[in-house]
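Coordinate inspection notes
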Amino acid sequence: MSDLTNMIAANADWFYLIGAILFVLTLRGLSSPKTAIRGNRFGMVAMAIAVVTTFFLAEGPVLWLIIGAMVLGALVGMWKAKTVAMTQMPETVALMHSFVGLAAVAIALATVLHTEQQHGAVARAELFIGCFIGAITFSASVFAFGKLAAKSWAKTLVGGWVKPVQAILFIAMIGFGIVYFMIDSLPAFYAMAVLAVLFGWMWIAPIGGGDMPVVVSLLNSFSGWAAAGIGFTLGNSMLIIAGSLVGSSGAILSYIMCKAMNRSLLNVLFGGMGTSAAAAGADDGAPKTYKAGSAEDAGFLMSNASSVVIVPGYGMAQGRAQNAVKELYELLKEEGVNVRFAIHPVAGRMPGHMNVLLAEADVPYDDILEMDEINSDFASTDVVLVIGANDVVNPSAKDDPSSPIFGMPILEVNKAQTVMVIKRSMSTGYAGLDNSLFYMDKTMMIFGDAKKMVEEMVRSINGGGH
Ligand code: TAP
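A brief structural summary.

Remarks on the overall build of the protein chain
Looking only at helices and strands, the protein chain features 18 helices and seven strands. Based on the C-alpha atoms only, the size of the protein chain along its principal axes is roughly 80 × 55 × 35 Å. Residues counted as buried form 44% of the 466 residues belonging to the protein chain. In the protein chain, 77% of the contacts between residues at least 6 apart in sequence involve partners at least 24 apart.

Structure, rendered in structure tokens:
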């Protein structure tokens, strides 16, 4: 046993290097649904290497405590992974980030309390930064979890007092942190930690539920930086690398989400969220006309087309229509129609929302195309079937400089020969905007619940004698 311990301890840097490379491959794998499972496996091996190596490096470990915590953590993790519903994924992720934040605070506190050792200026700066990022991540993630899980205690805060209170908490937190840094005062450190917890809550609480996905992605980034901070405190290179990877990938994802929504990160975080919905359907008052059709009409048109592109949006998720959509896809394929899916990066309400649902329904990845891959094909497409999508196909984002979403890249479905839109009414989507696509001559509205309408289309094609 001690030979093994010595061997692992002597080669820890090599094990960590292998782990770090595997973490990079994990991210690479997770960038596409086709390689995501392989990516996950790399991550599992990397994490196992990291944990086992660190275990053997510990000086005078309290074995029962470490093994007990690992077993308990693994059991809870496996139980959660097996039972959590796909729709609860965002809130589960938020909760996991809160644990990373809490761990950062706990480690910073343990290190500060380790008084036999004098903490130099660099160590104090690391502890200060690691602790406040961890504490903010902790309380902000707990709030994000509550908000996404619709808990009554996670109330959105509104009012003119919110911003001044945020500012006071932030300044006081930094002030106490500086006092700790200057004179190594423990009470100042505790005060900073408590204020950081309060600030994290106050910072996220004014943000509306719709913007929570961006917040969760940002907190993912924070949890990574908090972990990297702990890595510096503990002198653990693996933690620094893994934390930095999580920190930077979370930051990039937040940026991509904001860009795809045509918002800035500052606007999401401090812009008084959900107010975009107030701009609802600002039209000029002139009555607009639209054509409504039936699911049978749509089934007939699609089965006689040579190319169909299906554009799913939030309504497909809301109506749980993915399995019916898969059936429609298969049926049209059997009819010899070239059917593909077009996915907008922020369709739905969380990153990869549509990809997850289509994967769940076993739609082949090869027929699922990203916005950049399919946009140039719309002009030569016979029929586009929009299922519960609205903002991501709104031509105003391209044509109308006065539109709040002007500049947001969209799926250019308005270029196809015929467009059919399944939704329940003429009401707006997430951004609260009217959609000129619905009033085009080539557009047919099919009013009803996504699942019900797609099932009717399937029935009509089946019964149509093809
Ligand atoms: P939305 O613009 O939100 O439109 C969804 C449409 O689906 C609604 O107009 C609604 O109309 C319809 N709908 C809802 N339930 C339905 C059901 N059961 N059956 C049929 N239709 C239903 O969705 P989108 O086009 O996917 O765009 C996503 C929006 O969310 C973007 O504005 C994006 O910026 C925002 N957002 C996305 C994310 C991520 S990461 N994906 C995160 C935050 C915000 P009816 O009520 O008339 O049925």
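Details of the site of the ligand
Close to the ligand lie 30 residues, the nearest being Asn-390, Asp-391, Arg-424, Ser-425 and Ala-450. At 3.3 Å, a backbone N or O of Ala-347 approaches a nitrogen atom of the ligand. In the complex, the protein chains occlude 97% of the 940 Å² of accessible area that the ligand would expose alone. Looking at the shell around the ligand, the element that brings in the most residues is helix H13 (residues 314–318), giving three residues. Residue classes in the shell around the ligand are distributed as twelve nonpolar, 13 polar and five charged.

Focus: a nonpolar patch on the surface
A cluster of nonpolar side chains, Leu-63, Ile-67, Val-71, Leu-75 and Met-78, forms an exposed patch at the surface whose accessible area comes to about 470 Å². Within the secondary structure, Met-78 sits in helix H4 (residues 63–83).

Describing the pairing of strand E5 (residues 383–387)
E5 sits mainly inside the fold: five of its five residues count as buried. Burial along E5 is two-sided: Val-383, Leu-385 and Ile-387 and Val-384 and Val-386, pointing in opposite directions, are all buried. Two strands pair when backbone bridges link them, and E5 and strand E6 (residues 418–423) are joined in this way by five bridges, in the parallel orientation. Considered in E6, the bridge of Val-384 is made with Val-419.

Looking at the pattern of salt bridges
Counted according to the given criterion, the structure contains eight salt bridges. Measuring nitrogen to oxygen at the nearest pair gives 2.9 Å for the salt bridge that ties Lys-333 to Asp-367. Residue Lys-333 is located in helix H14 (residues 322–334), and its partner Asp-367 is located in the loop between helix H15 (353–360) and strand E4 (368–370); the two are separated by 34 residues in the primary sequence. Judged by its relative accessible area of 13%, Asp-367 falls in the buried class. Of the charged contacts, one joins Glu-456 and Lys-452 as a salt bridge, the two residues approaching to 3.7 Å between their closest N and O atoms. A residue pair is termed a helical-turn pair when its members lie 3 or 4 positions apart in one helix, as Glu-456 and Lys-452 do in helix H18 (residues 450–463) at four residues. We classify Lys-452 as partly exposed; its relative accessible area is 48%.

Definitions and limits used
- Residues numbered from 1 in each chain as written.
- Predicted model: local features only at pLDDT ≥ 70, side-chain atom pairs only at ≥ 80, totals over all residues.
- Heavy atoms only, no water.
- Helix = DSSP H or I, 4+ residues; strand = E, 2+ residues; numbered from the N terminus.
- Buried < 20%, exposed > 50% of the residue type's maximum accessible area, 1.4 Å probe, protein only.
- Contact = heavy atoms within 4.5 Å.
- Near = heavy atom within 4 Å.
- Polar contact = N/O pair within 3.5 Å; in protein donor to acceptor, adjacent residues only side chain to side chain.
- Areas by Shrake-Rupley, 256 points an atom, 1.4 Å probe, with all protein chains shown as cover.
- Nonpolar A, V, L, I, M, F, W, Y, C, P; charged D, E, K, R; others polar.
- Patch = residues over 30% accessible without salt bridge, like charges linked within 9 Å, V, L, I, M, F, W, Y side chains within 5 Å.
- Salt bridge = Lys/Arg side-chain N within 4 Å of Asp/Glu carboxyl O.
- Pairing = 2+ DSSP bridges.

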